[in-house]
Amino acid sequence: MHNIHVVVNSFAGKYTSDKIAELEARLRTQRLSSNIYAPDSKDRLTECVEKLNADHNDDIIAIAGGDGTLNAAIQKLNNKNILAVIPFGTVNLIAMELGINSIQEAVQRITRGSNRYFSVGCADSGSHTNYFISMFGAGFDADVVYNVDIDFKKKHGTLAYI
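This is a predicted model, so every value here is computed, not measured.

Definitions and limits used
Think of each chain on its own: its residues are numbered from 1, step by step along the sequence as written. Given that the model is predicted, a residue must reach a pLDDT of at least 70 before its local features are reported, and side-chain atom pairs must reach 80 or more before they are shown or counted; all residues, however, enter totals for whole chains, interfaces and linings. Each side-chain value is worked out from all heavy atoms of the structure, with water and hydrogens disregarded. Labels follow the DSSP assignment, with helices taken as runs of H or I lasting at least four residues and strands as runs of E lasting at least two, numbered in each case from the N terminus. To estimate the expected span of a helix, count its residues, drop one, and scale the result by 1.5 Å. Only heavy atoms matter for contacts: two residues are in contact if any of them lie within 4.5 Å across the pair. Here, nonpolar core means buried Ala, Val, Leu, Ile, Met, Phe, Trp, Tyr and Cys residues that are tied together by side-chain atoms lying within 4.5 Å of each other. Any residue under 20% of the maximum accessible area for its type is buried, any over 50% is exposed, and the rest in between are partly exposed; the area is computed with a 1.4 Å probe on protein chains only. Strands were regarded as paired on the criterion that DSSP finds at least two bridges between them. Think of it like this: strands point away, you trace from the first strand over the helix to the second, and a clockwise trace means the crossover is right-handed. To obtain each axis, a line is fitted to C-alpha atoms, and for helices this fit is confined to the stretch in contact; angles are then taken between N-to-C directions over 0 to 180 degrees.

1. Remarks on helix H2 (residues 42-55)
Inference 1: Compared with the 20 Å implied by 1.5 Å per residue over 14 residues, the 20 Å span of H2 between its first and last C-alpha is a close match.
Inference 2: On its buried face, H2 sits against strand E1 (4-8), strand E2 (34-37), strand E3 (60-65) and helix H3 (67-74).

2. What to know about the nonpolar core
Inference 1: By size, the foremost hydrophobic cluster in this structure holds 35 residues, and its most contacted members are Val 6, Val 7, Leu 23, Val 49, Ile 63, Ile 86 and Phe 88.
Inference 2: Elements supplying a minimum of two residues to this core: E1, helix H1 (17-29), H2, E3, H3, strand E4 (82-87), helix H4 (93-97) and helix H5 (103-112).

3. Overview of the pairing of E4
Each regular strand shows side chains that alternate between the opposite faces of the sheet.
Inference 1: As paired elements, E3 and E4 share six bridges and run parallel to each other. Bridging across to E4, Ile 60 finds its partner in Ile 82.
Inference 2: Crossover handedness for the path E3 to H3 to E4: right-handed.

4. Quick notes on unusual backbone geometry
Inference 1: A positive phi is found at Arg 31, a non-glycine position, where the angle reads about 60°.
Inference 2: With respect to the helices and strands, Arg 31 occurs in the loop between H1 and E2.
Inference 3: What makes Arg 31 exposed here is its relative accessible area of 76%.

5. Topic: the sheet that holds E4
Inference 1: Taken together, the four strands give an open sheet; going across it, the order is E2-E1-E3-E4, and neighbouring strands pair in parallel fashion. Two strands lie at the open edges of the sheet, namely E2 and E4, each paired on one side alone. Neighbour-to-neighbour, the strand axes of this sheet turn through a mean angle of 20°, independent of strand direction.
Inference 2: Bridge count for E1 against E2 is four bridges, and the pairing is parallel.

Now the structure itself:
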């Protein structure tokens with residue numbers, strides 16, 4: 001069985017301490033050995049993912065966050081480890097596309113080892129490279145996502161994007 005390193009975005013849209021407690025309980029129930037990390041900023045989150053990726057081979061790095069958290073993490077991962085998705089974000093589009101709609105489903109997938117391979121896209125401007133796993137936006141779409149008011153999004157969810 002792989003070692004599981006769970007990186008939690010404690011500032012993700014649907015994060016609560018109850019969700020962490022549920023995640024820990026479900027991992028224990030399945031007898032999965034895990035380490036949980038909860039960095040307090042996006043920079044520290046990406047540093048944590050980068051360090052885990054550098055220090056481990058063939059482990060599971062589980063990202064508990066939303067699409068933005070997955071996007072930040074994917075910038076620091078490579079093919080050495082397995083990426084697991086635990087939906088803690090506002091929209092969780094990638095998790096939905098993978099059929100993962102709850103913590104329970106995410107832990108069940110980890111337990112079964114049901115891996116799905118997917119392509120990683122790359123946008124390279126010459127001075128900056130950005131990887132993506134779902135979509136890449138430019139223009140108006142990118143501007144809306146980039147400028148969304150985080151406090152409004154936490155309070156009103158997907159309405160923040162309208």
